[in-house]
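One letter stands for each residue in the lines below.
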Amino acid sequence: MQTSFSPAQLANPEIAVANDILRTCVHCGFCTATCPTFVTLGDELDSPRGRIYLIKDMLEQGRAAGPEEALHIDRCLSCLSCMTTCPSGVNYMHLVDHARVHINETYKRPFTDRLLRDVLARILPYPNRMRAAMFAARLGKPFGVLLAGDSMFVKRLRAMLSLAPARAAPPQNLGGTVHKPVGETKYRVALLAGCAQQALGPSINNATIALLTRLGVEVVVPAAAGCCGALVHHMGRHEEALTAARRNVTAWNNVTGLDAIVVNTSGCGTVLKDYGFMLRNDPIAADAAKISGMTKDITEFLLQIGYAPTREPPGLTVAYHAACSLQHGQQVTAAPKMLLRKAGFTVVEPADAHLCCGSAGTYNIMQPDIAVLLRRRKLDTLKVKQPDVIAAGNIGCLTQLAGDGLPTIHTVELLDWMAGGERPAGVPDRS
Ligand code: SF4
Ligand code: SF4
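All values reported here derive from a predicted model rather than from experimental measurement. (Residues numbered from 1 in each chain as written. Chains lettered and ligands numbered in written order. Predicted model: local features only at pLDDT ≥ 70, side-chain atom pairs only at ≥ 80, totals over all residues. Heavy atoms only, no water.)

Asker: Mind showing me how you'd approach the site of ligand 1 here?
Answerer: Among the 13 residues in the neighbourhood of ligand 1, the closest are listed as Cys25, Cys28, Gly29, Cys31 and Cys86. Mapping ligand 1 onto the cavity grids shows that it belongs to the largest cavity. For the shell around ligand 1, the class distribution of residues is nine nonpolar, three polar and one charged. (Near = heavy atom within 4 Å. 1 Å grid on protein atoms, 1.4 Å probe; cavity = no way out; pocket = protein on both sides within 12 Å on 5 of 7 lines; lining within 4 Å. Sits in = over half its atoms within 2 Å of the grid points. Nonpolar A, V, L, I, M, F, W, Y, C, P; charged D, E, K, R; others polar.)

Asker: It is not clear to me how helix H10 (residues 152-163) should be interpreted in this structure. Could you clarify?
Answerer: Spacing of three or four residues puts side chains on the same side of an α-helix, whose turn is 3.6 residues. The terminal C-alpha atoms of H10, which comprises twelve residues, lie 16 Å apart, in line with the 16 Å expected from a rise of 1.5 Å per residue. Every buried residue of H10 is listed here: Val154, Arg156, Ala159 and Leu161. Those residues of H10 that are buried are in contact with helix H8 (111-123), helix H9 (127-140), helix H21 (363-366) and helix H22 (368-383). (Helix = DSSP H or I, 4+ residues; strand = E, 2+ residues; numbered from the N terminus. Expected span 1.5 Å × (residues − 1). Buried < 20%, exposed > 50% of the residue type's maximum accessible area, 1.4 Å probe, protein only. Contact = heavy atoms within 4.5 Å.)

Asker: What's the story with helix H14 (residues 238-253) in this structure? I'm lost.
Answerer: Given a rise of 1.5 Å per residue, 16 residues ought to cover 22 Å, and the 22 Å separating the end C-alpha atoms of H14 matches this to within 8%. Those residues of H14 that fall on the buried side of the exposure criterion are Ala241, Leu242, Ala244, Ala245, Asn248, Val249, Ala251 and Trp252. Contacts made by the buried residues of H14 are with strand E2 (187-192), helix H13 (230-233), strand E4 (260-263), helix H15 (266-272), helix H16 (275-278) and helix H17 (285-294).

Asker: Got a minute to help me understand the side chain of Gln9 in this structure?
Answerer: Note that Gln9 resides in helix H1 (residues 7-10). In this structure the side chain of Gln9 is engaged in a polar contact, spanning 3.2 Å, whose partner is the backbone oxygen of Leu59. Those residues in contact with Gln9 that sit more than four places away from it in its chain are Ser4, Ile15, Leu59, Glu60 and Gly62. (Polar contact = N/O pair within 3.5 Å; in protein donor to acceptor, adjacent residues only side chain to side chain.)

Asker: When you look at the sheet that holds strand E6 (residues 317-320) in this model, what are you seeing that I'm missing?
Answerer: Adjacent strands of a sheet pair through backbone hydrogen bonds, lying either parallel or antiparallel. The four strands lie next to each other as E7-E6-E8-E9, forming an open sheet whose pairing is parallel. Here the strands that pair on one side only, and so sit at the sheet edges, are strand E7 (346-348) and strand E9 (408-410). Strand-to-strand twist in this sheet, taken as the mean axis angle between neighbours without regard to direction, amounts to 35 degrees. Of the pairings in the sheet, the one linking E6 to strand E8 (residues 389-392) comprises three bridges and is parallel in character. Counterpart to Tyr320 in the pairing with E8 is Ala391. (Pairing = 2+ DSSP bridges. Axes fitted to C-alpha atoms, helices over the stretch in contact; angles between N-to-C directions.)

Asker: Hey, could you run me through the nonpolar core in this one?
Answerer: Here is a general trend for soluble globular proteins: nonpolar side chains tend to be buried in one another's company. One finds Leu212, Leu302, Tyr307, Leu340, Phe345 and Leu414 to be the most contacted residues of the largest nonpolar core, which totals 54 residues. If sequence neighbours within four positions are ignored, Tyr307 has contacts with Leu211, Leu302, Leu339, Lys342, Ala343, Leu415, Met418 and Ala419. By size, the runner-up hydrophobic cluster in this structure holds 40 residues, among which are Cys228, Ala241, Ala245 and Leu258. (Core = buried A, V, L, I, M, F, W, Y, C linked by side-chain atoms within 4.5 Å.)

Asker: Help me out: how do you make sense of empty space enclosed by the protein in this one?
Answerer: Over the atoms, a rolling probe the size of a water molecule traces out where space has been left empty. Inspection of the entire model under this criterion finds two cavities of 30 Å³ or more. Its volume calculated, the largest cavity comes out at about 110 Å³. Contributing to the lining of the largest cavity are 15 residues, with Cys25, Cys31, Ile52, Cys86 and Val90 lying nearest its centre. Of the volumes computed, that of the second largest cavity is approximately 70 Å³. For the second largest cavity, the lining is made up of 13 residues, of which Cys35, Arg51, Cys76, Cys79 and Cys82 are closest to its centre. Residue assignment for the lining of the second largest cavity shows that the elements contributing at least two residues are helix H3 (36-41), helix H4 (48-61) and helix H6 (81-85). Taken together, the residues of the lining of the second largest cavity break down into nine nonpolar, three polar and one charged. (Points joined across faces, edges and corners; volume = space filled by probe spheres on them.)

Asker: How do you make sense of the site of ligand 2 when you look at a structure like this?
Answerer: Cys35, Arg51, Cys76, Cys79 and Cys82 are the nearest of the 13 residues found near ligand 2. Elements supplying a minimum of two residues to the shell around ligand 2: H3, H4 and H6. Among the residues making up the shell around ligand 2, the classes are represented as nine nonpolar, three polar and one charged.

Asker: What am I meant to see in the packing of aromatic side chains here?
Answerer: Within this structure, the stated rule accounts for two aromatic pairs. Taking 6.2 Å as the distance between ring centres and 45 degrees as the angle between the ring planes, the aromatic pair formed by Phe345 and Trp417 counts as tilted. In this pair, Phe345 is assigned in the loop between helix H20 (334-342) and E7 and Trp417 in helix H24 (residues 411-418), connecting sequence segments 72 residues apart. One exposure class covers both Phe345 and Trp417, and it is buried. Geometry around Tyr126 places Arg129 over its ring, the cationic atom sitting 3.9 Å from the centre. The residue whose ring lies beneath Arg280 is Phe277, and the NZ or CZ to ring-centre distance is 3.9 Å. (Phe/Tyr/Trp six-rings, centres within 6.5 Å; stacked < 30°, edge-to-face > 60°. Lys NZ or Arg CZ within 6 Å of the ring centre and 35° of its normal.)

Asker: Would you mind going over the sheet that holds strand E1 (residues 177-179) with me for this structure?
Answerer: Ordered in space as E1-E3-E2-E4-E5, the five strands form an open sheet in which the pairing is mixed. Edge positions in the sheet fall to E1 and strand E5 (295-297), since each of these pairs with one other strand and no more. Sheet twist, expressed as the mean angle between neighbouring strand axes with direction ignored, is 30 degrees. On top of the sheet, H17 reaches E4 and E5; it is set at about 25 degrees to E5, its chief contact.

Take a look at the structure:
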C-alpha cells in the first residue's frame, strides 16, 4: 500500500512505525474472511482491511479521530486473527495499538463512554478493588432485569452485572510470596499472578503453583509486580500501560536466577511478550526486551520442562477453546492440546477455532451486542462436539463462556489434577 506521510510526520517514531506497517499491506482482503467482526457484521469498515484504510487516512491527514474511526476501531477485538491469516506479515497489532492511542488522545467520547472507561481502568487492574466491584455486582445482579432501555450505557451495565460470578471466590493476594518446590530445585520462575484473575479465579494460580512446585520449580511472585497493563493498553491509555510495563520489568529484573516469567492468563502474556517493543525507546529498553524473551505461557513452560500425569485417564472429553491471545497473539497452538492429550483427556475443537469468543478484555462490557453474538456462536460450535468440559488458557474466555451448562476450566487446572492435584470444581466424575 502506498503512503504519503511528509518527512516531518515520519520524524515521529510512532508514525514511522505505522508507515512501515501500512506499506506491507497489499490490500488483498484475505484477512476479512477470518475477522470475527466482519464475519458477524459484514461491513468492510469492520474488517482489518477497512480499519487499516481508516487508520491510514486519519494518520496521513494528521487529523483528530472522529466518531467513525472510534466506532470501527472500538469494535475491533484485537483478537489478531487477521495477523495469523495475513500473507504479507502486516503487524496489525502495533498499528491498531497506535490508532487506539491516537483516538484516546484526540477524540472526545460521549460522557457515559468516558465515565465507564475511567471506572474500568481504575478498578480492573487492582485485585482488591475488583473484588469489591464483584461484591457490588453480585448484590446488583438480581436487579439487572430492572435496567430498562436499549441505550448502549444500559446494555453495558447489564453486561457487567451478567458477567459477575454468582459466588465470591476466596481472597487471593500472592504478591511477595515464594513457593518452594517439592524436593530438588530444578528451575526458578516468576509467576504473573494477574489482577482480575486473582479476584475471579484464584484456583488457577493455586493449580499453577501446585503443579510447578511438584515438578521442581520454585515460584516467585514479586510484591512489586502487578497488572501487566493490557487493560489500559487496549483502551489507548498509553502512559498508564507503559508505567505498568516499567514497574513489572524492574520487579522481575530484580529477582535473581530466573529461568522464565510464567504467565497463565494469555491476554497478559501477549502484552508481556510485547514489552520489548512498547519500551523500545525507554531507558530500560534492554531489560524490557530481556523480560519479553523470557516470558512463556504456562503450557510452553510445561512442555519445555516435561509434564507427566500420575492419574489414570479420567474418561473425559475436553473441548479446547484456543484463546485469541494464545493462538494469534503468541502463536501458541499445539502445546495446550498436546499436554491435555498427554494428561489423558480426549481433546476436541470447535469448527470455528480461529474465531474469538467475544471476551477480549473489556470488549464484552464495551461492545455487548457483538460480544453476545460471538459468545453464542462459540458455545454452539463447542457444544456440538459434546464435551464434558470446556478448557481455555485465559480467564477472560472462561468467564465469557461460563453459565451455559458446561464447566469452563483453565487448562492448567486439568493438567494439575491429572498430575496429582485436586479435581477442579465442576468437573464431572466419570471414574
Ligand atoms: S491480509 Fe494482510 S495484506 Fe491482505 S488486506 Fe489483510 S492486512 Fe492487508
Ligand atoms: S484484530 Fe480481530 S477483530 Fe480486529 S481487525 Fe483483526 S481479526 Fe478483526
